[in-house]
Structures are given as structure tokens and as C-alpha cells.
Amino acid sequence: MAYVNIGDMAKEGELYEGFDEEYDCPILDEDRVIDELEDKMSEGGVIVDYHGCDFFPERWFHIVFVLRTENSFLYDRLESRGYKGKKLQDNIQCEIFQTLYEEAVLSYREEIVHQLPSNTPEDLERNLDQITQWVEQWMKDNN
């Protein structure tokens, strides 16, 4: 089993196509990310961590987990990371309108998309347990 954090991978490989001044962050080069991951993903057994999913090929995933956070937790979390202004407001609105969940449901079969709460450290532990159980069951069923 391998874990890939797309943000870290992009930073290490400089997989960017520019810089967004308004959001004060680099713009991911999605095509280069796909090229970089293609061989690893074809081998299977990879957990991909990223805050978007619509550019990843459907064939790569057997299950998709969308982490959801209540706005009271999310605001403080993002503010502590230095988010402010439009970037902070847009991220809050994205959660309110379930943008990432809807993106996942539109990009993949609805039955493989699952929402998990991500508000507290206890949620994190439960999510890890649930994902681990799913992976173990999937490996039993497919090996």
C-alpha cells in the first residue's frame, strides 16, 4: 500500500503551470500530475490525498472518501493556516455547497463515493479505522 499526497508531490516535482495571485498559491498542472502518477496507479494499492478529484481518471479508484468539516471547525482551521479574504470565504462556501462531494459524485460512480466527518481528532481516528477496514476487506475480496 502506498500513500501519495498530491500537494507534496506537486511541490517536490514542481508540477505547476503558474501562480494564482488572487489565492496566493501555485496552479497545479493536472496533466503533469496524471503523467507522474500513471505508472504507480496502474500497479494498484495507492491512496491518493488531494482536495479535488475531477481530473483523476475514474479507472484509478475503487472507492472515494470525501472528508467533510462543519464550518465552525473549518473557519478556525483555515484561518490558522493563514487563509484570509477571498481564499478563506471561497473555501467555506465550497464546504457549505458540498462542492467537492458533488464533484466526486459527478466524476465517479455514486456508490463508491462516501462522506466522512473531519471535525475532531476523534473523527480522524474513526476515519482511519474505517478506511483501514475497507482496504483490508477489499484486499481479501480481490486477492
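Calculation criteria
- Residues numbered from 1 in each chain as written.
- Predicted model: local features only at pLDDT ≥ 70, side-chain atom pairs only at ≥ 80, totals over all residues.
- Heavy atoms only, no water.
- pLDDT = per-residue confidence, 0-100.
- Helix = DSSP H or I, 4+ residues; strand = E, 2+ residues; numbered from the N terminus.
- Phe/Tyr/Trp six-rings, centres within 6.5 Å; stacked < 30°, edge-to-face > 60°.
- Buried < 20%, exposed > 50% of the residue type's maximum accessible area, 1.4 Å probe, protein only.
- Lys NZ or Arg CZ within 6 Å of the ring centre and 35° of its normal.
- Contact = heavy atoms within 4.5 Å.
- Salt bridge = Lys/Arg side-chain N within 4 Å of Asp/Glu carboxyl O.
- Patch = residues over 30% accessible without salt bridge, like charges linked within 9 Å, V, L, I, M, F, W, Y side chains within 5 Å.
- Areas by Shrake-Rupley, 256 points an atom, 1.4 Å probe, with all protein chains shown as cover.
- Lys, Arg positive; Asp, Glu negative; His and termini not counted.
- Charge placed at Lys NZ, Arg CZ, Asp CG, Glu CD.

Caption draft 1: Molecular detail of the confidence of the model for the protein chain. The predicted model of the protein chain averages 95 in pLDDT, with 100% of residues at 70 or higher. No element of the protein chain has a lower mean pLDDT than helix H6 (residues 121–142), which averages 92, and none a higher one than helix H1 (residues 6–13), which averages 98.

Caption draft 2: The packing of aromatic side chains, seen in detail. Counted under the stated rule, the structure contains eight aromatic pairs. Here the aromatic rings of tyrosine 50 and phenylalanine 56 are separated by 6.4 Å at their centres, their planes lie at 90 degrees, and the arrangement is edge-to-face. Their ring planes at 80 degrees and their centres at 5.9 Å tell us that phenylalanine 56 and phenylalanine 61 sit as a pair that is edge-to-face. Side by side, phenylalanine 56 and phenylalanine 61 carry an identical accessibility label, which is buried. A network of ring pairs unites the aromatic residues Tyr50, Phe55, Phe56, Trp60, Phe61 and Tyr108 as a single cluster. Its end group placed over the ring of tyrosine 83, lysine 87 keeps NZ or CZ at 4.4 Å from the ring centre.

Caption draft 3: Spatial organisation of the environment of leucine 37. Structurally, the position occupied by leucine 37 is in helix H2 (residues 30–43). Residue leucine 37 is classed as buried on the basis of its relative accessible area, which comes to 1%. For the pair formed by leucine 37 and isoleucine 6, sequence separation is 31 residues and the distance between their alpha carbons is 9.5 Å. If near-sequence neighbours (up to four positions away) are discounted, leucine 37 is found in contact with Val4, Ile6, Met9, Phe56 and Trp60.

Caption draft 4: Region of the structure containing the pattern of salt bridges. If you walk through the whole model with that rule in mind, you get five salt bridges. In this structure, arginine 59 and glutamate 38 form a salt bridge, with 2.9 Å as the shortest nitrogen-oxygen distance. Of this pair, arginine 59 sits in the loop between strand S4 (46–49) and strand S5 (64–68) while glutamate 38 is found in helix H2, placing the two residues 21 residues apart along the sequence. The exposure class of arginine 59 is exposed, given its relative accessible area of 60%. Judged by its relative accessible area of 25%, glutamate 38 falls in the partly exposed class. Of the charged contacts, one joins aspartate 90 and lysine 86 as a salt bridge, the two residues approaching to 3.1 Å between their closest N and O atoms. With aspartate 90 and lysine 86 both in helix H4 (residues 85–96) and four residues apart, the pair spans about one turn of that helix. On the accessibility criterion, aspartate 90 (23% relative accessible area) is partly exposed. By relative accessible area, which is 40% here, lysine 86 ends up partly exposed.

Caption draft 5: Spatial organisation of unusual backbone geometry. With a phi angle near 50 degrees, glutamate 14 is a residue other than glycine that sits in the positive phi range. Not every positive phi belongs to a glycine, and aspartate 24 is a case in point at roughly 55 degrees. Summarising the element assignment, aspartate 24 is placed in the loop between strand S2 (16–20) and strand S3 (25–28). When its relative accessible area of 57% is taken as the criterion, aspartate 24 is described as exposed.

Caption draft 6: Geometry of a negative patch on the surface. Where like charges cluster on the molecular surface, the negative patch consists of Glu17, Glu30, Asp31, Asp35, Glu36 and Asp54. Looking at which element gives the most residues to the negative patch, the answer is H2, with four residues. With respect to the secondary-structure elements, aspartate 54 resides in the loop between S4 and S5. What makes aspartate 54 partly exposed here is its relative accessible area of 49%.

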